[in-house]
Amino acid sequence: QNYLDNFWPDLKAAHELFDSILQARRERESESQENCGKEYPEHLPGEILEAGIKSGRYIQGTLNVNKHRAQLEAFVRLQGFGSKETG
């Protein structure tokens, strides 16, 4: 903001772009605070997931995705199993 004010005070388009970027950043920060710092909203509440894991309806694991072939290769490593057992 200072740079634009000092060196380009008459460049209206640059000031408008800066204001737009600043507003988008503020909206993104407020959204992340609403989501408790999570990048994506939860699909199911945590209580339902915990109950489903305890009852055996859901399983808990870690999703591993191949960064080079993300749409083709992924697997879930189940918690509590040996490192070679995957599902």
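Counting from 1, residues in each chain are numbered in the order their sequence is written. With pLDDT at 70 or above as the cut-off, local features in this predicted model cover only qualifying residues; side-chain atom pairs require 80 or more to be listed or tallied, and sums for whole chains, interfaces and linings still use all residues. As a convention, hydrogens and water are excluded, and side-chain values are obtained from all of the structure's heavy atoms.

**A word on the pattern of salt bridges**
Cut-off, in case you're wondering: Criterion for a salt bridge: a side-chain nitrogen of Lys or Arg within 4 Å of a carboxyl oxygen of Asp or Glu. By the criteria applied, helices consist of DSSP H or I runs no shorter than four residues and strands consist of E runs no shorter than two, each listed in order from the N terminus. For every residue, the accessible area obtained with a 1.4 Å probe (protein chains only) is divided by the maximum for its type, and the residue is called buried under 20%, exposed over 50%, and partly exposed between those limits.
Scanning the entire structure with this criterion turns up 3 salt bridges. In this structure, the salt-bridge partner of Glu29 is Arg25, at a minimum N-O distance of 3.3 Å. Here Arg25 and Glu29 lie together in helix 2 (residues 12-34), a separation of 4 residues that amounts to about one turn. Here Glu29 falls in the partly exposed class, since its relative accessible area comes to 38%. Arg69 is the salt-bridge partner of Glu73, the closest N and O atoms lying 2.9 Å from each other. According to the relative accessible area criterion, Glu73 is partly exposed, its value standing at 32%.

**As for the environment of Phe75**
With respect to the helices, strands and loops of the structure, Phe75 is situated in strand 2 (residues 74-78). Of the residues examined, Phe75 reaches a relative accessible area of 33% and is grouped as partly exposed. Sequence separation between Phe75 and Leu63 is 12 residues; the distance between their C-alpha atoms is 5.9 Å.

**Observations concerning a nonpolar patch on the surface**
We count it as follows: Patches here: salt-bridge-free residues with over 30% relative accessible area, like charges joined within 9 Å, nonpolar side chains (Val, Leu, Ile, Met, Phe, Trp, Tyr) joined within 5 Å. Note on areas: these come from Shrake-Rupley sampling with a 1.4 Å probe, and a residue is covered only by the protein chains present in the view.
A cluster of nonpolar residues, Tyr3, Phe7, Trp8 and Leu11, forms a patch on the protein surface that exposes about 470 Å² of accessible area. Looking at the secondary structure, you find Phe7 in helix 1 (residues 2-7). Of the residues examined, Phe7 reaches a relative accessible area of 58% and is grouped as exposed.

**Thoughts on the packing of aromatic side chains**
What describes a pair of aromatic rings is the distance from one ring centre to the other and the angle between the planes of the rings. We count it as follows: Only the six-membered ring of Trp is used, alongside the rings of Phe and Tyr, when aromatic pairs are assigned; centres must lie within 6.5 Å, and planes under 30 degrees apart are stacked while those over 60 apart are edge-to-face, with the rest tilted.
Counted under the stated rule, the structure contains 1 aromatic pair. Plain terms: the ring middles of Tyr3 and Phe7 are 5.2 Å apart, the flat faces sit at 40° to each other, and that makes the pair tilted. In this pair, Tyr3 and Phe7 both sit in helix 1, 4 residues apart, roughly one turn of the helix. Here the two residues Tyr3 and Phe7 agree in accessibility, since each one is exposed.

Just distances and angles here, no functional claims.
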